[in-house]
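Summary of the model geometry
The primary structure of each chain is shown beneath.
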Amino acid sequence: MNKKFVSSLCIASVILMGTVFGIIPLLQTVNTDIRENAEYNEIREDYTLPSEETQTNDNKDNTGNGKGYSYGSARTNPDFKKLLAKNADTIGWIQIPGTPINYPVLHTSDSQKYLNMNFNGNKSVCGAIFSCGSVQYNPASQNITLFGHNLGMNRTKMFSTLVRYKNKKYYNEHPDIYFETLYQKGTYRVFSVFNVNV
């Protein structure tokens with residue numbers, strides 16, 4: 001064999017191996033996305049917020065102002081029973097109508113727990129939406145911070161689509177956030193958007 005042929009064969013082998021080893025992580029990512037979509041779709045069957053019209057009407061007092069609704073300190077929202085049976089850390093549900101954001105919210109004292117673990121306790125790049133620390137829900141704290149991953153501009157999972165609020169048209173189409181907890185439900189209006197790199 002001549003040196004040119006052997007050299008070409010070696011280069012072709014390296015390219016082939018690089019392609020194969022490059023495709024494997026891509027296929028794993030696609031498989032993970034499919035599995036996690038299926039898991040969250042199953043969770044959504046256990047609990048879905050009321051329609052936008054119902055939410056809007058339920059969350060207004062006689063003056064038409066958004067006030068939220070309280071289940072009272074002695075009572076827990078019965079709609080969360082199935083979710084609580086699956087994950088005792090369940091504290092609520094967040095939804096932004098017309099967007100992919102439609103997830104259970106978990107609460108934990110461990111700020112690392114749900115960064116790489118989903119609602120079902122499975123390892124996950126997406127993690128879960130959660131709050132942590134000493135946040136109170138009954139009565140509700142004035143400020144509740146929810147954590148969730150931004151997986152990049154071309155992704156739609158978890159909080160990835162929140163960066164679209166930098167576009168005024170997107171904001172006008174999705175101004176309200178529905179956040180229902182075990183103890184109360186409320187509608188919140190987006191009033192400010194900014195990016196923070198962490």
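Right above here is the structure, for reference.
Now for a look at the structure at hand.

Take the overall build of the protein chain next. Helix and strand content of the protein chain: four helices and six strands. Along the protein chain, helices and strands appear, N-terminal first, in the series α-α-β-α-β-β-β-α-β-β. Considering only residue pairs separated by 6 or more positions, the protein chain has 57% of its internal contacts joining residues 24 or more positions apart.

Relative to the helices and strands, Ser141 resides in the loop between strand S4 (129-132) and helix H4 (168-173). In contact with Ser141, not counting residues within four places along its chain, are Val135 and Gln136. At 2.8 Å, the side chain of Ser141 forms a polar contact with the backbone nitrogen of Gln136.

Once that is clear, we can look at the side chain of His174. Mapped onto the elements of the fold, His174 is located in the loop between H4 and strand S5 (176-181). Taking relative accessible area as the criterion, His174 reaches 8% and is therefore assigned buried.

This brings us to the pattern of salt bridges. Applying the stated criterion across every chain yields a total of four salt bridges. The residue Asp89 makes a salt bridge to Lys113 at a minimum N-O spacing of 2.8 Å. Remark: Lys113 occurs in the loop between strand S3 (102-108) and S4 and Asp89 occurs in the loop between helix H3 (81-86) and strand S2 (90-95); sequence separation between them is 24 residues. Of the charged contacts, one joins Glu173 and Lys169 as a salt bridge, the two residues approaching to 2.9 Å between their closest N and O atoms. Of this pair, Glu173 and Lys169 both sit in helix H4, four residues apart, roughly one helical turn. On the basis of relative accessible area, Glu173 is assigned to the partly exposed category, the value being 45%. Using a relative accessible area of 57% as the deciding quantity, one classes Lys169 as exposed.

This brings us to the nonpolar core. The biggest cluster of nonpolar side chains holds 29 residues, and the ones touching the most others in it are Tyr40, Leu83, Ile94, Tyr103 and Ile129. Elements represented by at least two residues in this core include exactly helix H1 (3-46), S2, S3 and S4. Here Ile129 is in contact with Ile94, Tyr103, Pro104, Val105, Leu106, Leu146, Phe147, Gly148, Met158 and Phe159, once residues within four sequence places are set aside.

Next up on the list: the packing of aromatic side chains. A full pass over the atoms with the stated rule returns five aromatic pairs. Both rings, one in Tyr137 and one in Phe179, keep their centres 6.4 Å apart while their planes meet at 65°; by these two values the pair is edge-to-face. Residue Tyr137 is located in the loop between S4 and H4, and its partner Phe179 is located in strand S5; the two are separated by 42 residues in the primary sequence. Of the two residues, Tyr137 and Phe179, neither departs from the other in class, the shared state being buried. Stacked on the ring of Tyr103, the Lys or Arg Arg44 has its end atom at 5.0 Å from the ring centre.

Thresholds, definitions, all that
- Residues numbered from 1 in each chain as written.
- Predicted model: local features only at pLDDT ≥ 70, side-chain atom pairs only at ≥ 80, totals over all residues.
- Heavy atoms only, no water.
- Helix = DSSP H or I, 4+ residues; strand = E, 2+ residues; numbered from the N terminus.
- Contact = heavy atoms within 4.5 Å.
- Polar contact = N/O pair within 3.5 Å; in protein donor to acceptor, adjacent residues only side chain to side chain.
- Buried < 20%, exposed > 50% of the residue type's maximum accessible area, 1.4 Å probe, protein only.
- Salt bridge = Lys/Arg side-chain N within 4 Å of Asp/Glu carboxyl O.
- Core = buried A, V, L, I, M, F, W, Y, C linked by side-chain atoms within 4.5 Å.
- Phe/Tyr/Trp six-rings, centres within 6.5 Å; stacked < 30°, edge-to-face > 60°.
- Lys NZ or Arg CZ within 6 Å of the ring centre and 35° of its normal.

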